[in-house]
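Residue-level listing of the chains:
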Amino acid sequence: SNGGTVMRTPLIAANWKMHKTTGEAARYGQELLEELARRQVSVSASEQGQPGQVAVVVCPPFTALAALGGVLRGSPVALGAQNMHWETSGAYTGEIAAPMLLDLGCRYVILGHSERRQMGETDEQVHRKVRAAAAAGLIPIVCVGERIEERRAGETEAVVTRQVRAAFQHLDAAAVARAVIAYEPVWAIGTGEYASPEEANRVIGLIRATLAGMLGGETAAAVRILYGGSVKPDNIGPFMAQPEIDGALVGGASLDAKAFADIIEQAEVNAA
Ligand code: PGA
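The structure displayed is predicted, hence computed values, not measured ones. (Residues numbered from 1 in each chain as written. Predicted model: local features only at pLDDT ≥ 70, side-chain atom pairs only at ≥ 80, totals over all residues. Heavy atoms only, no water.)

When helices and strands are tallied, the chain shows twelve helices and eight strands. Relative to the compact-globule value of 19 Å for 272 residues, the chain shows a C-alpha radius of gyration of 17 Å, a close match. A principal-axis box enclosing the C-alpha atoms of the chain has dimensions of 45 × 45 × 35 Å. Each of the 272 residues in the chain was classed as buried or not, and the buried ones make up 53%. Sequence separation of 24 or more characterises 74% of the internal contacts of the chain that already satisfy a separation of 6 or more. Counting every atom, the chain has about 11100 Å² of accessible surface; 51% of that belongs to carbon and sulfur. Of the side chains in the chain, 24 bear a positive and 30 a negative charge, and the two mean positions are spaced by 2 Å. (Helix = DSSP H or I, 4+ residues; strand = E, 2+ residues; numbered from the N terminus. Rg over C-alpha atoms; globule rule 2.2 N^0.38 Å. Buried < 20%, exposed > 50% of the residue type's maximum accessible area, 1.4 Å probe, protein only. Contact = heavy atoms within 4.5 Å. Areas by Shrake-Rupley, 256 points an atom, 1.4 Å probe, with all protein chains shown as cover. Lys, Arg positive; Asp, Glu negative; His and termini not counted. Charge placed at Lys NZ, Arg CZ, Asp CG, Glu CD.)

A positive phi is found at Gln40, a non-glycine position, where the angle reads about 55°. Looking at the secondary structure, you find Gln40 in the loop between helix H1 (22-38) and strand E2 (55-59). Residue His170 is not a glycine yet carries a positive backbone phi of 65°. Within the fold, His170 resides in the loop between helix H7 (156-168) and helix H8 (173-178). Exposure remark for His170: the relative accessible area of 69% places this residue in the exposed category.

It is worth spelling out the pairing of strand E6 (residues 180-183) at this point. Alternating positions in E6 separate into two faces, Val180 and Ala182 on one and Ile181 and Tyr183 on the other, with burial throughout. Of the pairings in the sheet, the one linking strand E5 (residues 139-144) to E6 comprises four bridges and is parallel in character. Within the sheet, the bridge partner assigned to Cys143 lies in E6 and is Ala182. Sheet topology places E6 next to strand E7 (residues 224-228); four bridges connect them, and they run parallel. Paired with Ile181 across the two strands is Ile225, which belongs to E7. (Pairing = 2+ DSSP bridges.)

Leu32, Phe168, Ile207, Leu211, Tyr227 and Phe260 are the most contacted members of the largest nonpolar core, which has 67 residues in total. Here this core takes six residues from helix H12 (residues 257-270), the largest share from any one element. When neighbours within four sequence positions are excluded, Tyr227 is seen to be in contact with Tyr183, Pro185, Ala188, Tyr194, Ala195, Ala200, Ile204, Phe239, Ile245, Gly247, Ala248 and Leu249. Residues Leu11, Cys59, Ile141 and Cys143 belong to the second largest nonpolar core, which totals 15 residues. (Core = buried A, V, L, I, M, F, W, Y, C linked by side-chain atoms within 4.5 Å.)

In total, this model carries three aromatic pairs according to the counting rule given. Ring centres of Trp16 and Tyr28 lie 4.6 Å apart, and the angle between their planes is 75°; on these two criteria the pair is classed as edge-to-face. On the criterion of sequence distance, the pair formed by Trp16 in the loop between strand E1 (11-15) and H1 and Tyr28 in helix H1 is long-range, its members being twelve residues apart. Each member of the pair, Trp16 together with Tyr28, is buried. A ring pair is formed by Tyr227 and Phe239, whose centres lie 4.3 Å apart and whose planes are at 5°; its orientation type is stacked. Remark: Phe239 occurs in helix H11 (residues 236-240) and Tyr227 occurs in strand E7; sequence separation between them is twelve residues. As far as burial versus exposure is concerned, Tyr227 and Phe239 are alike and both buried. Members of the aromatic cluster, joined through ring pairs, are Tyr194, Tyr227 and Phe239. Looking at Lys20, its charged tip hangs above the ring of Trp16, at a distance of 5.4 Å from the centre. Residue placement shows Arg128 over the ring face of Trp86; its charged tip is 5.0 Å from the ring centre. (Phe/Tyr/Trp six-rings, centres within 6.5 Å; stacked < 30°, edge-to-face > 60°. Lys NZ or Arg CZ within 6 Å of the ring centre and 35° of its normal.)

This part is about the site of the ligand. Near the ligand, the surroundings consist of 13 residues, among which Lys17, His113, Glu184, Gly190 and Ser230 are the closest. One of the side-chain nitrogen or oxygen atoms of His113 is found 2.7 Å away from an oxygen atom of the ligand. Take Glu184: an N or O atom from its side chain is 2.6 Å from an oxygen atom of the ligand. Computed on the free molecule, the ligand has an accessible area of 280 Å², of which 97% lies beneath the protein chains in the complex. Along the lines of polarity and charge, the residues of the shell around the ligand split into four nonpolar, seven polar and two charged. (Near = heavy atom within 4 Å. Polar contact = N/O pair within 3.5 Å; in protein donor to acceptor, adjacent residues only side chain to side chain. Nonpolar A, V, L, I, M, F, W, Y, C, P; charged D, E, K, R; others polar.)

Take a look at the structure:
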């Protein structure tokens, strides 16, 4: 989407969640590269590509990062993780730090996914992680979105605004400009239900206005804001045609390399 002066390259991100072994990840990587080549999709190797290009990142479980990264190395498809700790090292059993992700070739990291917030991750913890990712040079994909009871109570705007403010407070404009936000209504995740493209565009516009209030319009215009929640090959087009929507975070439909390549192809064709 082109929100005025800044050209934002669309980003299509795969969130595998807790799926796939190392062997499955390597095979998927091969198949995805073949499918993209066959469809002649122009994937940008950098965050800021040429007009008509899309950027792509795949976020497997930690255990498959090395295997998938080995296959994707030298390709324009980026590698990302699904979480990280805010400290760079230390006595944090079971946690993973930003330098470890960089060491495996990660460029992106999903932070504050609703499935983690559901398990107790707080706005404050998400904020620490966003700050740590930015400091390390990793691009955070910060997930925000309302739960069904919040939506029914008319609290969507308040919830999303609070999550965005908390995540990006005290960060400088340069760090925020590189960041990615994914608006994922919790009721749309893994359910087959999805927000209407117009409604998602409206909330994403509100997120951009919140960023503009915090850091100015130029920074807000640079941030890529994705929609997530039951995105499939047959519904990505209308989302991409919306002016504020810069791509998608895809869960279930990203597990199949052909379906994910279909989504990427449709995103490229329909980008506003
Ligand atoms: P879904 O998941 O595409 O399976 O709805 C999206 C997400 O959780 O990021």
